[in-house]
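# Inside the fold
Chain by chain, the residues run as shown.
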Amino acid sequence: MKLKEVTEGKVRIFVPDPKEYMIEGKFDPSWAPVFYNPKMTFNRDLSVIVVSLLKPKIILDALSATGIRGIRYYVESWKSEQLILNDKNSTATSLIQINVKNNGIENAKIYNKDANVLLYEIKSEYIDIDPFGSPVPFILSSINATIRNGIVAFTATDLSPLEGSSRTSCRRKYDAINYKLSSSKELGLRILIGKIIREAAMLEKTVYPLFSFYADYYYRLFVRVESGARKADENINKNLKYFGECPRCGFQTFVDENCKIKCPICGENFIIIGPLYIGPLHNMEFLKRMIDIYNNFNYLSSFNRIQKLLNVIEKEAKYKSVFYNISKLASKLKVSAIPPIDSILECLGDASKSHFAPTGIRTDKGYEEIIRCVKNLR
Ligand SMILES: C[S@@+](CC[C@H](N)C(=O)[O-])C[C@H]1O[C@@H](n2cnc3c(N)ncnc32)[C@H](O)[C@@H]1O
């Protein structure tokens, strides 16, 4: 395999030379013998900041590919007592050996196993699950492998089931009913968290989101795992519900499983999806700590983007409701000229933008007030 050295963050990593794996002048990272996707740098950069706050004694990067993620944690976030890197592809683990050595890491343990085998053999305080597509096959094993209220970080790139475009796939993988709705970008993340809560409950554990976001074509989610059947029950009872959107007037709300599914505004039948998680998408204290320290990472190539994302998330995190997608709402209301988002925010007073969509606004003010602002400012 012909290699090329790349720099990401503070590490230098050998990756398969993309020139060798071009087809008709195009390159897709999944065509190379070992996967390296530069488009995921933003995901890794933010994860470096998260891990620098967590300082776990053991880090397990269960699906390592080139090893870049775990290596970056060790070099840039925190020198954990143990760094464990794993991939079932033996070409990947040979490359991980080279990359670990090249970055001066002496104590890394490298495994060439199916992650689901390894995760039932060892325990860790921080587990990274960064798969191709859906993290579902690794939810139960990763939750099971956490110790001391540990953290699992999930990437999900299978947005089409989560956002309701592939409904049967969502039913199959996430055991949730789904439709494409106005705020599906956020609802997809909530379906994923709902699935993790239900899987964790089987082990008498539960999870609480620490930090999460949507970017490009994926979700990234960090959850804290806690043990106890009672906690699992409480989280399910309090935070697992359904979500309804009125196809006629765009009113949206969380609903109970057995609710009468008529829109209270116009009487139309709701479209209901779920089950999904209705609680906070971040731990506010942790978010504050991220905001306090991210300036230490101004060497990162995605620093400006991180700054923008954290600024928006900081503002939107205080609202409990799902964001309203103003362009979708305006089209349901037959408002042809969408008012500028800033004018709507000003009209609402207590509201923010949402990182999930450029035309998203988040507020705990009622539907009528949102409509008044959308219509008045037409
Ligand atoms: C998306 S890549 C990981 C990328 C890497 N984390 C990064 O940030 O660059 C997914 C990796 O998981 C590996 N993989 C897929 N299924 C696996 C399994 N069941 N057990 C272990 N590794 C697996 C693949 O070989 C691939 O290298």
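The written sequence of each chain sets the order in which its residues are numbered from 1. For a predicted model such as this one, the threshold for reporting local features is a pLDDT of at least 70, and the threshold for listing and counting side-chain atom pairs is 80 or more; totals across whole chains, interfaces and linings nevertheless cover every residue.

An unreviewed UniProt entry lists the protein chain under the name tRNA (guanine(26)-N(2))-dimethyltransferase, with Saccharolobus shibatae as the source organism. UniProt positions are given in the numbering used here, feature names are shortened, and annotations may be inferred rather than shown by experiment. The record held by UniProt for the protein chain lists under Sequence similarities (unreviewed entry) the comment "Belongs to the class I-like SAM-binding methyltransferase superfamily. Trm1 family." In its Catalytic activity (unreviewed entry) section, the UniProt record describing the protein chain reads: "guanosine(26) in tRNA + 2 S-adenosyl-L-methionine = N(2)-dimethylguanosine(26) in tRNA + 2 S-adenosyl-L-homocysteine + 2 H(+)".

A word on the nonpolar core. The nonpolar core is taken to be a set of buried Ala, Val, Leu, Ile, Met, Phe, Trp, Tyr and Cys residues joined by way of C-beta atoms within 7 Å. With C-beta atoms placed from the backbone, a residue is labelled by how many other C-beta atoms lie within 10 Å of its own: buried for 20 or more, exposed for 12 or fewer, partly exposed between the two. Counting 101 residues, the largest nonpolar core has V152, L192 and V223 as its most contacted members. A run of H or I in DSSP becomes a helix once it reaches four residues, and a run of E becomes a strand once it reaches two; helices and strands are each numbered from the N terminus. Examining the composition of this core, we find that eight residues originate from one element, helix α8 (residues 184-202), more than from any other. Placing a C-beta atom from the backbone of each residue, one calls two residues in contact when those atoms lie within 7 Å. For V223, the contacting residues outside a window of four places in its chain are I151, V152, I196, V207, Y208, P209 and L210.

Bringing the site of the ligand into the picture now. Near the ligand, the surroundings consist of 20 residues, among which L63, A65, K88, A115 and D130 are the closest. Among the secondary structure elements, those contributing two or more residues to the shell around the ligand are α2 (68-77) and α4 (115-118). Any residue whose C-beta atom, as placed from the backbone, lies within 6 Å of a molecule or strand is termed near it.

Moving on, we get to the pairing of strand β7 (residues 146-156). Within β7, eight of the eleven residues are buried, which leaves it mostly tucked inside the rest of the structure. Taken together, the five bridges between strand β6 (residues 124-129) and β7 define a ladder with parallel strand orientation. The residue of β7 that forms the bridge with Y126 is I151. Read from β6 through helix α5 (residues 139-144) to β7, the crossover connection turns out right-handed. What makes two strands pair is DSSP finding at least two bridges between them. Sheet analysis places β7 next to strand β9 (residues 218-227), joined by six bridges and oriented antiparallel. Bridge assignment links I151 to a residue of β9, and that residue is R224. A clockwise path from the first strand over the helix to the second, with the strands pointing away from the viewer, defines a right-handed crossover.

This chain's UniProt record puts "binding site: S-adenosyl-L-methionine" (unreviewed entry) on R44, R69, D87, D114 and A115. Mapping R69 onto the fold places it in helix α2. Owing to 25 C-beta atoms within 10 Å, R69 belongs among the buried residues under this scheme. With residues up to four places along the chain from it excluded, the contact list for R69 reads R44, S47, D61, S64, D128 and D130. Within the fold, D114 resides in the loop between β5 (108-111) and α4.

This part is about the sheet that holds strand β11 (residues 252-255). Spatial strand order, β11-β10-β12: three strands in an open sheet with antiparallel pairing. The open sheet is flanked by β11 and β12 (271-277), the only strands paired with a single partner. On average, each strand axis in the sheet is tilted by 30° relative to the strand beside it, whichever way the strands run. Working convention: axes come from line fits to C-alpha atoms, limited for helices to the stretch in contact. Angles between N-to-C directions cover 0 to 180 degrees.

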